[in-house]
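Chain residues, written in single-letter form:
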Amino acid sequence: MKFAALIAAWWSTLALATAAPVSVPDTLAQRLAPCTACHGQQGRAVSGAYVPRIAGKPAGYLYEQLINFRDGRRQNATMVALLADLPDAYLREIAAHFAALDLPHAPAPAVAASPTALVRGEAIARRGDASAKLPACADCHGEQLTGALPAMPGLLGLPRDYLIAQLGAWQTGSRHATAPDCMADIARRLSPADSSAVADWLASQPVPQPMRPAARPERPAPLRCGSAGHAP
Amino acid sequence: MKLTLTVGRLFAGLALVLAGVAAAAWLWDDDIDPAALSATQPASTPEQAARGAQLALAGNCASCHTARGGQRYAGGRPIDTPFGTVVAGNLTPDPDTGLGHWTAADFWRALHHGRGKDGRRLLPAFPYTSFTQITREDSDALFAHLRSLPPVQRATTPHALRWPYGTPLAQALWRALYFKPGSTPPDPTQSAEWNRGAYLVRGLGHCAACHGARDLLGGQHAGGAMTGSHLAHGGWYAPSLTDPAEAGVGHWPLDDLVQWLRSGVTAQGTAQGPMAEVVVRSTQHLPEADLRAMAVYLRSLSPSALPAPAPAEAQATPVVDPARRQVGEKLYVDHCASCHGQQGQGAPGIYPALAGSRLVTMDDPGNLLRVITQGGFAPATAANPRPYGMPPFDLGHAELAALTTYLRSAWGHRAAPVSEVQVLTTR
């Protein structure tokens, strides 16, 4: 029975010698079909969904995240399985590919948030809160919150659920960055209400067009960060 | 099914303990001669360590003995088994948490006799049932390599085995049932190349650890015949290497098999799941001569020529619900055909052909379902460093059943349809 199935299959392959092989473009975009299935054609993601946009993020940041998934510092099961055993050189090439994409953003989706939360969220993002030992998001992520080269990601144009999940993952220790993990320290200083407020505000901001990371960090770093290349 | 297995294992466990009491009396001969442990050891040479490094790749030692993102050989990777989780140990020469106090004889005792430095029985997740085949010379070279590593201190993670599987008594009986130290002598009727391949496949390569059929207690009879086994780790099925309907390679050209072990990709298909890991971390690094030897041996495990096909009317054709097949065909056209082709012909070396694919037609559809839902890149090897990949497909149970049923009946395939229940139990 098993054999019969095999042989039938085998004969059909012989018959297929006539069916021309599928022609496959020798491009990185084609090789990276597993990425764009979720992150969207050209890495733009889908408005309102959980999956973050990767197009146009700093290459250093994307590379760092690919390594983090592969090596156990980030836990998304799909990403972990896809990246298992991929070599550094390929990951660097993948990061550069998506970083180089310069595509318009979709308008920010409406976020149902209270005005109080938005005021608090904006305060944290732009100015921080010294009484809670919170630096401003803008201290590292750029005056416009669009990130900074070489490795600081922008915070605008991301789904609220994704932002909340990342802050939660840092607070519970399931997301890590290269030590010293400054973002983990900051996330743990955020109360649940503050986490929610800052995610509300960031997700509801219009995205500058074009949204590009600043050429370099614009303010002095308030903490030492392994992901920014600071020594432990 | 699961419940029956659990109850079965519980009873088997109890029986194991009772029988172990009786067995303990006659367990005596599976350890090293104590004189061998106290004998002075010759110092290892750099050449020996270099050879050991090559052997360690063939044995894929670092794969289990390195945690994800952890330091190489420092241990800590959890290995799932039907009896609980076993955590691989630290092989670096750290005196407190590694092999710092071990001698070459201690190491040989571990490989050949399955016992630790203190004489305790090692858990068979460490495949000493295969490693017992390794020669003393190779064992010493491996040990010289491990001694040359930088010591890494890593707090030992305890195993998490369900009672009574980790107890010394259970281990003693398991060994009495399934383990006899010793190596298989070369077969004089076979070529030197075949014998070298047999040594690598049965010993260092420990292929039977995954491909060897196991009974309820995880034991292997008949020298670990590689007739296929379901892995607790990741839920994959390691297909039979003796059955041409699964992963027997007797009918593959030798060069193709060598190429497959080196790159993970040939026109015949792409290494998937745990085998992709083996290709990336182990076989791609092997010298050509060893790969050829392994290929020669592996080809001898299954028929070299496929029997002539029976006339179509004599073949049993499974009953396939036409409506379900139609749903599956539409899913195939919408999601799969752009890469795998309208006729399932694929793009050789890039996207595997599905027509004639044994991954598609194997009795157990588990691996096929896993590949569809998890996707993945082909193994990234020196021969294929920028692999193409397949996206994970987030399909419902009914859709997966329809799609796989279609694949298993398309293009002349006659494999049994897949039910939604099968999809549910596989995921």
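Residues numbered from 1 in each chain as written. Chains lettered and ligands numbered in written order. Predicted model: local features only at pLDDT ≥ 70, side-chain atom pairs only at ≥ 80, totals over all residues.

Visitor: Any chance you could break down the overall build of chain A for me, citing the residues and the numbers?
Guide: Looking only at helices and strands, chain A features 11 helices and zero strands. Order of helices (α) and strands (β) in chain A, N terminus to C terminus: α-α-α-α-α-α-α-α-α-α-α. A separation of at least 24 residues holds for 72% of the contacts in chain A among residues at least 6 apart in sequence. (Helix = DSSP H or I, 4+ residues; strand = E, 2+ residues; numbered from the N terminus. Contact = placed C-beta atoms within 7 Å.)

Visitor: Give me the domain arrangement of chain B: which residues, what numbers.
Guide: Residue and element names in this part refer to chain B. For chain B, the assigned domains are domain 1 (14-178), domain 2 (192-299) and domain 3 (321-426). Here domain 1 and domain 2 have C-alpha centroids that lie 22 Å from each other. At the level of elements, α3 (46-58), α4 (61-64), β1 (78-81), α6 (128-131) and α8 (168-178) are the ones that each hand at least two residues to the side of domain 1 that touches domain 2. Taken together, the residues of the side of domain 1 that touches domain 2 sort by class into 14 nonpolar, seven polar and one charged. (Domains from an automatic or database assignment. Nonpolar A, V, L, I, M, F, W, Y, C, P; charged D, E, K, R; others polar.)

Visitor: Just give me the short version of the packing of helix α9 (residues 160-172) of chain A against helix α11 (residues 192-204) of chain A, but keep the residues and values in it.
Guide: All names here are of chain A. For the pair α9 and α11, the least separation of the axes is 9 Å and the interaxial angle reads 145 degrees. Once α9 is placed against α11, the crossing between them reads as right-handed. Each of Arg160, Leu163, Ile164 and Leu167 in α9 lies in contact with α11, whose residues at this interface are Ser195, Ser196, Ala199, Asp200, Leu202 and Ala203. Partitioned by chemical class, the residues of the contact of α9 with α11 number six nonpolar, two polar and two charged. (Axes fitted to C-alpha atoms, helices over the stretch in contact; angles between N-to-C directions. Left-handed = near helix turned anticlockwise from the far one by under 90°.)

Visitor: Give me the lowdown on the pairing of β1 of chain B, citing residues and values where you can.
Guide: As defined by bridge partners, β1 of chain B adjoins strand β2 (residues 84-87) of chain B across four bridges and the pair is classed as antiparallel. By the bridge assignment for β2 of chain B, Pro78 of chain B is matched with Val87 of chain B. (Pairing = 2+ DSSP bridges.)

Visitor: Could you give an account of unusual backbone geometry, naming the residues involved and the relevant values?
Guide: In this model, Leu149 of chain A is joined to Pro150 of chain A through a cis peptide bond whose omega is 5 degrees. Following the sequence through the fold, Pro150 of chain A ends up in the loop between α8 (137-141) and α9. Although it is not a glycine, Tyr73 of chain B adopts a positive phi angle of roughly 70 degrees. With a phi angle near 35 degrees, His206 of chain B is a residue other than glycine that sits in the positive phi range.

Visitor: Give a detailed account of α3 of chain B, specifying residues and quantitative values.
Guide: Residue and element names in this part refer to chain B. The terminal C-alpha atoms of α3 lie 19 Å apart, and with 13 residues this matches the ideal 18 Å at 1.5 Å per residue to within 8%. Among all positions of α3, only Gln48, Gly52, Leu55, Ala56, Leu57 and Ala58 are buried. Looking at the buried side of α3, the elements it contacts are α4, α7 (136-147), α9 (192-204) and α13 (288-299). (Expected span 1.5 Å × (residues − 1). Buried ≥ 20, exposed ≤ 12 C-beta atoms within 10 Å, placed from the backbone.)

Visitor: Just give me the short version of the sheet that holds β1 of chain B, but keep the residues and values in it.
Guide: Within a sheet, each strand pairs with its neighbour through backbone hydrogen bonds, oriented either parallel or antiparallel. Residue and element names in this part refer to chain B. One open sheet holds the three strands; their spatial order is β1-β2-β3, and the pairing between them is antiparallel. A single partner strand is all that each edge strand has here, and the edge strands are β1 and β3 (160-161). Pairing analysis gives two bridges linking β2 to β3, with the strands arranged antiparallel. Its bridge partner lying in β3, Gly84 is registered against Leu161.

Visitor: Can you explain the environment of Gln166 of chain A? Please cite residues and give values.
Guide: Relative to the helices and strands, Gln166 of chain A is located in helix α9. The exposure class of Gln166 of chain A is partly exposed, given the 19 C-beta atoms found within 10 Å.

Visitor: So what's going on with the nonpolar core? Which residues, and what values?
Guide: Counting residues in each nonpolar core, the largest one holds 115 residues, and the members touching the most others are Leu62, Ala95 and Leu202 of chain A together with Met294 and Leu298 of chain B. The dominant element in this core, judged by the number of residues it contributes, is α13 of chain B, at seven residues. When residues no more than four places from it in sequence are discounted, the contact partners of Met294 of chain B are Gly197, Leu200, Val201, Gly205 and Leu261 of chain B. Counting 18 residues, the second largest nonpolar core, distinct from the first, contains Leu354, Val371, Tyr406 and Val418 of chain B. (Core = buried A, V, L, I, M, F, W, Y, C linked by C-beta atoms within 7 Å.)

Visitor: I'd like to hear about the environment of Ser196 of chain A, residue by residue, with values.
Guide: Residues and elements named next belong to chain A. Position of Ser196 among the secondary structure elements: in helix α11. For Ser196 and Asp161, which are 35 residues apart along the polypeptide, the C-alpha to C-alpha distance reads 9.7 Å. Non-local contacts of Ser196, meaning those with residues more than four positions away in its chain, are made with Ala117 and Ile164.

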